[in-house]
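Residues per chain are reported as follows:
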Amino acid sequence: MGKVLIIGAGGVGTVAAFKVAQNSDVFTEIMIASRTRSKCDAIVKAIGNPNIKTAAVDADNVDELVALFNSFKPEIVINVALPYQDLTIMEACLKCGVNYLDTANYEPKDVAHFEYSWQWAYHERFKEAGLTAILGCGFDPGVSGVYTAYAAKHHFDEIQYLDIVDCNAGNHHKAFATNFNPEINIREITQKGRYYEDGKWIETGALEIHKPLTYPNIGPRESYLLFHEELESLTKNFPTIKRARFWMTFGQEYLTHLRVIQNIGMARIDEIDYNGMKIVPLQFLKAVLPNPQDLGENYEGETSIGCRIRGIKDGKERTYYVYNNCSHQAAYQETGMQGVSYTTGVPAMIGAMMFMKGLWRKPGVWNVEQFDPDPFMEQLNKQGLPWHEEFDKDLEL
Ligand code: NDP
């Protein structure tokens, strides 16, 4: 059906490339481009398909991107580099007439601030150009939004309470490691918490609110309230929501390490002078932490991510829980990557597939919940992330 360009050759890029290559009826030509070309070549070798092209590109540089897009002429770009590159890649898409998909919203390098305003501001330009941009198409954001849209379409007249619950019950046998890019991950979880209630955003201390929640096939795990970017788009797109929150599990060992990292200044994102050189402590820390891509081999256990929803159907209150459990080992066996990269890369491929098939194609900049969830939900079951539903049970929330 068309050509796809994947930008970024990390854990998520590797999984996206494997899944795109498995669906060759949809993705007729594939290119992987990233800052370090050898990483793209290593992915091609792991997949074992020499027809996949590779290229080096600095995705902070619009001119380099434009030259690459004009030579390969992709139908759509899957951006799985870092959130810092979202706007330059969107600019290049507009210049070259290429459609766009990503898994994380833009954030400026010098402030860890998460909001869609920067990317939503591109809506009119994409619309006028007749191009589609699909924002936040990983698992959370991504599948969390599709689950919510599916619940609204099939199971509720009115969604009132939404809790997105993200549990990683895996063990990678390292003292401390992050499951995706350490810099992006640590910026996210050291922020103040925030949730939506009765039309207002309520701020909390970082990881201040927590409670045990029970996850299927895993059991109870302490879960911490954080702000997560899809809360912004979901409360806007489903205005009946009275309260929306996001919960993530962390082990005590992880939290202790995180506290030390912050206390000794290693989570700082401003530049400091080191022996006459400017360095950013968090970027230096990333260089010495385990690479998330190398965690897969000894990773045991599974992730469980879902939406717990309360609302009204046919005049009666109802609860609904929809979730996926993903085994780190199964993900590793299939793609060489752990479950967190897998649960992000698979939905990114499915979003691009939705576009290629013409099912998610409308000019403008959209969040995933603004498209029909049904064909995406069908593909989740076929592409390795099957989902399960439970009705009218205690949501613990
Ligand atoms: P990695 O750090 O493993 O990979 C990022 C890749 O992007 C690397 O290959 C890196 O190149 C490349 N890159 C960085 N800067 C540039 C640049 N300027 N030009 C070209 N390439 C660049 O990250 P992950 O794979 O773990 O995560 C990828 C994305 O997925 C992130 O944006 C993350 O926020 C998002 N994510 C989303 C989730 C969701 O559920 N929605 C969950 C998890 C992650 P190099 O190797 O040379 O450094």
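See the structure shown above.
Quick caveat, the model's predicted, so the values are computed rather than measured.

Draft legend 1. Quick look at the overall build of the chain. Along the chain, the regular secondary structure elements total 14 helices and 18 strands. Counting only C-alpha atoms, the chain reaches 55 × 55 × 40 Å along its principal axes. Residues classed as buried in the chain amount to 57% of the 397 residues present. When contacts within the chain are restricted to residue pairs at least 6 apart in sequence, those whose partners lie at least 24 apart make up 72%. Summed over all atoms, the accessible surface of the chain reaches about 16000 Å², with 48% contributed by carbon and sulfur. Charged side chains in the chain number 38 positive and 51 negative. The centres of these two groups are separated by 2 Å.

Draft legend 2. Representation of the side chain of R308 in the model. Along the chain, the position of R308 falls in strand 15 (residues 302-313). A distance of 2.7 Å separates the side chain of R308 from the backbone oxygen of T214, its partner in a polar contact. When residues no more than four places from it in sequence are discounted, the contact partners of R308 are Y161, L162, D163, V165, L213, T214, Y215, Y320, Y321, L395, E396 and L397.

Draft legend 3. The arrangement of the pattern of salt bridges in detail. A full pass over the atoms with the stated rule returns 16 salt bridges. E91 is the salt-bridge partner of R125, the closest N and O atoms lying 3.1 Å from each other. Highlighted residues: R125 in helix 6 (residues 123-129) and E91 in helix 4 (residues 86-96), separated in sequence by 34 residues. The partly exposed category is assigned to R125, whose relative accessible area is 39%.

Draft legend 4. Representation of the pairing of strand 5 (residues 99-102). In strand 5, alternate side chains face the same way, and those of N99 and L101 on one face and Y100 and D102 on the other are all buried. Here strand 4 (residues 76-79) runs beside strand 5; their pairing, made up of 4 bridges, is parallel. If you follow V77 over to strand 5, its bridge partner there is Y100. On the question of chirality, the crossover connecting strand 4 to the parallel strand 5 by way of helix 4 is right-handed.

Draft legend 5. Spatial organisation of helix 9 (residues 230-237). For helix 9, the tally of buried residues reaches 6 of 8 residues, placing the bulk of the element in the interior. For helix 9, the full list of buried residues reads E230, L231, E232, S233, L234 and T235.

Draft legend 6. Highlighting the side chain of S223. Relative to the elements of secondary structure, S223 occurs in strand 11 (residues 219-226). For S223, a relative accessible area of 0% corresponds to the buried category. Non-local contacts of S223, meaning those with residues more than four positions away in its chain, are made with I209, H210, K211, L213, Y215, W247, M248 and T249.

Draft legend 7. The site of the ligand, seen in detail. The immediate surroundings of the ligand are formed by 29 residues, with R35, T36, K39, A59 and N181 found nearest. The contact in question runs from an oxygen atom of the ligand to an N or O atom on the backbone of G11, over 3.2 Å. Isolated, the ligand exposes 930 Å² of accessible area, and the fraction of that covered by the protein chains is 93%. When grouped by side-chain class, the residues that make up the shell around the ligand number 13 nonpolar, 11 polar and 5 charged.

Conventions adopted
- Residues numbered from 1 in each chain as written.
- Predicted model: local features only at pLDDT ≥ 70, side-chain atom pairs only at ≥ 80, totals over all residues.
- Heavy atoms only, no water.
- Helix = DSSP H or I, 4+ residues; strand = E, 2+ residues; numbered from the N terminus.
- Buried < 20%, exposed > 50% of the residue type's maximum accessible area, 1.4 Å probe, protein only.
- Contact = heavy atoms within 4.5 Å.
- Areas by Shrake-Rupley, 256 points an atom, 1.4 Å probe, with all protein chains shown as cover.
- Lys, Arg positive; Asp, Glu negative; His and termini not counted.
- Charge placed at Lys NZ, Arg CZ, Asp CG, Glu CD.
- Polar contact = N/O pair within 3.5 Å; in protein donor to acceptor, adjacent residues only side chain to side chain.
- Salt bridge = Lys/Arg side-chain N within 4 Å of Asp/Glu carboxyl O.
- Pairing = 2+ DSSP bridges.
- Right-handed = clockwise from strand over helix to strand, strands pointing away.
- Near = heavy atom within 4 Å.
- Nonpolar A, V, L, I, M, F, W, Y, C, P; charged D, E, K, R; others polar.

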